[in-house]
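# Structural description and commentary
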Amino acid sequence: MRISARADYAVRAALQLADARDAGPLKAEAIADAQDIPHKFLEGILNDMRRGGLVVSQRGGNGGYRLAKAPDEISIADVIRVVDGPLVSVRGVRPPELSYSGPAESLLPLWVALRANVRQILDGVSLADVASAELPTRVSALTEDPASWTNP
């Protein structure tokens with residue numbers, strides 16, 4: 001699985017909004033500066049997040065963006081799906097829509113299992129979890145294996 005720059009920026013912007021939840025709306029420029037995200041790219045991402053119901057925008061001098069729901073009600077998966085679509089696809093196709101034959105036949109259950117694991121992790125972690133640096137135990141446990149931090 002590859003996390004796109006778009007998904008990474010969207011999650012970081014959402015976390016910035018979660019952190020500033022009580023301070024009122026944040027301007028796109030402030031989010032971009034705080035997270036070192038290209039401003040124009042972020043504008044498109046914020047528009048997708050607005051259309052997806054994750055953020056609301058307010059015009060005017062005191063305008064900007066804020067989360068549409070509480071940070072504990074928005075999962076990391078929610079953010080990624082809004083800006084990038086399905087969490088796991090194979091050649092742009094969702095696993096249940098694939099079919100294989102011969103020795104590759106058991107590849108389909110492998111892709112489905114991969115999707116289930118990705119969903120379990122990303123759906124199970126909220127913006128509030130990440131913003132508070134309190135990841136769920138099952139997620140933190142995965143990072144304790146030193147091999148998790150290396151590239152084979």
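Going by the structure above, here's the rest.
Figured I'd write up the structure that's included with this text. Treat the numbers as computed from the prediction; the structure is a model and nothing was measured.

### Here we look at the pairing of strand β2 (residues 64-67)
- Examined bridge by bridge, strand β1 (residues 55-58) and β2 share four bridges and lie antiparallel to one another. Note that in β2 the partner of Gln 58 across the bridge is Gly 64.
- Two successive antiparallel strands, β1 and β2, enclose a turn made up of five residues, where Gly 60 displays a positive phi of approximately 105 degrees.

### Description of helix α3 (residues 39-51)
- Counted at 1.5 Å a residue, the expected span for α3 with its 13 residues is 18 Å, and the 18 Å between its end C-alpha atoms agrees.
- For α3, every residue scored as buried is listed here: Leu 42, Ile 45, Leu 46, Asp 48 and Met 49. All buried residues of α3 lie within an arc of 155 degrees about the axis, which places them on one face of the element. For α3, the exposed residues set more than 90 degrees away from the buried face come down to Lys 40 and Arg 51.

### With respect to unusual backbone geometry
- The backbone of Arg 91 sits at a positive phi, close to 55 degrees, despite the residue not being glycine.
- A positive phi is found at Ala 133, a non-glycine position, where the angle reads about 60 degrees.
- A residue is classified by how much of its surface remains accessible, and Ala 133, at 68% relative accessible area, is exposed.

### Quick word on the packing of helix α1 (residues 5-19) against α3
- Contact geometry of α1 with α3 gives a least axis separation of 10 Å together with a crossing angle of 75 degrees. For the element pair α1 / α3, the angle class is roughly perpendicular. On α3, the residues that touch Ala 5, Arg 6, Tyr 9, Ala 10, Ala 13 and Ala 14 of α1 are Phe 41, Leu 42, Gly 44, Ile 45, Asp 48 and Met 49.

### A closer look at the side chain of Arg 115
- Relative to the assigned elements, Arg 115 resides in helix α5 (residues 107-123).
- For the buried Arg 115, no salt bridge is present, and the opposite-charge side chain at shortest range is Glu 97, 7.4 Å distant.
- Those residues in contact with Arg 115 that lie beyond four places of it in its chain are Val 88, Pro 95 and Pro 96.

### Observations concerning the nonpolar core
- Of all hydrophobic cores here, the largest spans 36 residues; its most connected members are Met 49, Val 79 and Leu 127.
- The set of elements that each furnish at least two residues to this core consists of α1, α2 (28-35), α3, β2, α4 (76-84) and α5.
- The greatest single-element share of this core, amounting to nine residues, is contributed by α1.
- Ignoring anything within four residues of it in the chain, the contact list for Leu 127 reads Ala 14, Leu 15, Ala 18, Leu 67, Pro 71, Ile 74, Ile 76 and Val 79.

The rules we used
- Residues numbered from 1 in each chain as written.
- Predicted model: local features only at pLDDT ≥ 70, side-chain atom pairs only at ≥ 80, totals over all residues.
- Heavy atoms only, no water.
- Pairing = 2+ DSSP bridges.
- Helix = DSSP H or I, 4+ residues; strand = E, 2+ residues; numbered from the N terminus.
- Expected span 1.5 Å × (residues − 1).
- Buried < 20%, exposed > 50% of the residue type's maximum accessible area, 1.4 Å probe, protein only.
- Arc of directions from axis to C-beta.
- Axes fitted to C-alpha atoms, helices over the stretch in contact; angles between N-to-C directions.
- Parallel < 35°, antiparallel > 145°, perpendicular 65-115°, else oblique.
- Contact = heavy atoms within 4.5 Å.
- Lys, Arg positive; Asp, Glu negative; His and termini not counted.
- Salt bridge = Lys/Arg side-chain N within 4 Å of Asp/Glu carboxyl O.
- Core = buried A, V, L, I, M, F, W, Y, C linked by side-chain atoms within 4.5 Å.

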